[in-house]
Amino acid sequence: MASLVKGVYLLENDRQHKRQACQALAPSWWISFNFQLSRMLTDDTASSIFGAVYELKPNSNNFHPIGAPRYVIAFRGTMLNKYNITQDGKLDLKILTNKLHNTGRFEKAFQAVESMVSEKGACNIWLAGHSLGAAIAILAAKNMAKEGVFLESYLYNPPFIAAPIKSIKSKKVKRVIFGARTFSLNDEKEKQQSKDLFTTLSQWVPNLFLNPSDPICSGYIRYFDNRETMESSGFEGIERFENQNSSDWLLSNDFGNEYCSEELHCIPSACVTTSRTPIQQAHNLSQWFTNYSVSEPKLYS
């Protein structure tokens, strides 16, 4: 899955440098796994390639590996070059302000996911993404989960945007803060909608690939670890509130954004794999090409 995401990065790189046919670098990243490129996803404004739809074509037409996807929809992350930094940087800022769902790139991505699910069936489709691409995949999968469709998802170094509440050591202070936030949800209907959404999303179990040295994604590690700590410490009420109203919500409300729980990167359940790759490569996609320094997956349900 990580290699297919890498293929999207190189599709865009090939486009920029006008590499075609035998000169193109991208195809090697999917051909070796018996996939073929079915469709490229491009931005309307910059024409940059941000995603791809792959189809698995086994060597034998009569044999499809058990458990393998028939299609993979993959999304790349931010590219720090002169061609992409402006557009990708704007999208990164949208993540910070919890508005990625209002962008043209996400709309095109979700249309592609929705269309593939409708045509090919959810059980045949996997999602994959790295960094910004993982954020896009999360939002798309969560929107599908709200409709009762749970897509197999592989999310590498997804961004976690949180208020600095986790750094507070005092449990008493945390209790006061979370209590104050709870009272801000005055509308009982709003509370119930948040609870219902959380229950629905809990059935979706994405695969998260995280590095504790990566400040962009390490918040997810603390998020799941803190849930376990609060449960063992007897702070069930705080734990339930934190699960249903992630720190993204706390941050976005501080900035005065409209409360919209369905757009938050709050993930109730996940299968988490961590990497011990050094900090210099902590956000790199390449750390996931091998099992070296990678932990056994841990399920949070």
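For the structure, check the block above.
In this report, the structure presented in the accompanying data block is examined. Residue positions within a chain follow its written sequence, with the count starting from 1. pLDDT decides what is reported in this predicted model: residues at 70 or higher carry local features, side-chain atom pairs at 80 or more are listed and counted, and totals for whole chains, interfaces and linings draw on all residues regardless. With hydrogens and water excluded, all non-hydrogen atoms of the structure serve as input to the side-chain values.

## A look at the side chain of His130
- Helix numbers and strand numbers start at the N terminus; a helix is a DSSP run of H or I with at least 4 residues, a strand a run of E with at least 2. Position of His130 among the secondary structure elements: in strand S4 (residues 125-130).
- Overall, the relative accessible area of 5% leaves His130 in the buried class.
- A contact between two residues is defined here by any heavy atoms of the two lying within 4.5 Å. Ignoring anything within four residues of it in the chain, the contact list for His130 reads Val5, Tyr9, Phe75, Arg76, Gly77, Tyr156, Asn157, His283, Asn284 and Leu285. The rule is simple: take the accessible area with a 1.4 Å probe, protein chains only, and divide by the maximum for that residue type; under 20% is buried, over 50% is exposed, in between is partly exposed.

## Observations regarding the nonpolar core
- Counting residues in hydrophobic clusters, the biggest one holds 50 residues, and the most contacted among them are Ile73, Phe75, Val113, Leu208 and Phe224.
- In terms of residues, this core owes the most to one element, helix H5 (residues 132-145), which gives 11 residues.
- In contact with Leu208, not counting residues within four places along its chain, are Leu155, Pro158, Tyr220, Phe224, Ile267, Ala270, Cys271, Val272 and Thr273.
- Here, nonpolar core refers to any group of buried Ala, Val, Leu, Ile, Met, Phe, Trp, Tyr and Cys residues whose side-chain atoms link them within 4.5 Å. Counting 24 residues, the second-largest nonpolar core is a separate cluster that includes Leu4, Phe35, Ala74 and Met79.

## Re the pattern of salt bridges
- By convention in these notes, a salt bridge is any Lys or Arg side-chain nitrogen within 4 Å of a carboxyl oxygen on Asp or Glu. What the rule picks out here adds up to 7 salt bridges.
- The salt bridge partner of Asp88 is Arg76, with a shortest N-O separation of 2.8 Å. With a gap of 12 residues between them, Asp88 in helix H3 (residues 85-96) and Arg76 in the loop between strand S3 (71-75) and H3 connect regions that are remote in the sequence.
- We note a salt bridge from Arg105 to Asp88, for which the minimum N-O separation is 2.9 Å. Here the residue Arg105 occupies a position in helix H4 (residues 104-120), and Asp88 occupies one in helix H3, the gap between them amounting to 17 residues. Taken as a pair, Arg105 and Asp88 share a single burial class, namely buried.

## Description of the packing of aromatic side chains
- A pair of Phe, Tyr and Trp rings is counted when the ring centres sit within 6.5 Å of each other, with Trp represented by its six-membered ring. The angle between the planes then sorts it: under 30 degrees is stacked, over 60 is edge-to-face, the rest tilted. What the rule picks out here adds up to 14 aromatic pairs.
- Judged by centre distance (6.0 Å) and plane angle (15 degrees), the ring pair of Phe106 and Phe110 falls under stacked. Residue Phe106 and its partner Phe110 are located together in helix H4, separated by 4 residues, close to a single helical turn.
- Members of the aromatic cluster, connected to one another through ring pairs, are Trp126, Tyr154, Tyr156, Phe209 and Trp288.
- Only when the NZ atom of a Lys or the CZ atom of an Arg is both within 6 Å of the ring centre and within 35 degrees of the ring normal do we say a charge sits over the ring. The side chain of Lys6 reaches across the aromatic face of Trp29, ending 5.9 Å from its centre.

## With respect to the packing of H4 against H5
- Between N-to-C directions, angles cover 0 to 180 degrees, with each direction set by a line fitted to C-alpha atoms, over the stretch in contact for helices. Taken N-terminus to C-terminus, the directions of H4 and H5 make an angle of 50 degrees; their axes are 10 Å apart at the nearest point. Considered as vectors, H4 and H5 are oriented oblique to each other. The two elements H4 and H5 meet at a crossing, and its hand is right-handed. Between H4, through Arg105, Phe106, Ala109, Phe110, Val113, Glu114 and Val117, and H5, the contact on the second element is made entirely by Leu132, Ile136, Leu139, Ala140, Asn143 and Met144.
- Each residue is assigned to one of three groups, with Ala, Val, Leu, Ile, Met, Phe, Trp, Tyr, Cys and Pro labelled nonpolar, Asp, Glu, Lys and Arg labelled charged, and all others, Gly among them, labelled polar. Across the contact of H4 with H5, the residue classes break down as 10 nonpolar, 1 polar and 2 charged. Should an angle lie under 35 degrees it is considered roughly parallel, over 145 roughly antiparallel, and from 65 to 115 roughly perpendicular; all remaining angles are considered oblique. Each crossing gets its handedness from the near helix: less than a right angle anticlockwise from the far helix is left-handed, clockwise is right-handed.

## Some words on the sheet that holds strand S7 (residues 270-274)
- Only strands joined by at least two bridges in the DSSP assignment are considered to pair. Spatial strand order, S1-S2-S3-S4-S5-S6-S7-S8: 8 strands in an open sheet with mixed pairing. Edge strands, defined here as strands with exactly one partner in the open sheet, are strand S1 (35-42) and strand S8 (298-300). With strand direction ignored, the average angle separating the axes of adjacent strands in the sheet is 20 degrees.
- The strands touched by helix H1 (residues 2-16) are S1, strand S2 (49-56), S3, S4 and strand S5 (152-156); relative to S2, the strand with the most contacts, the crossing angle is about 130 degrees.

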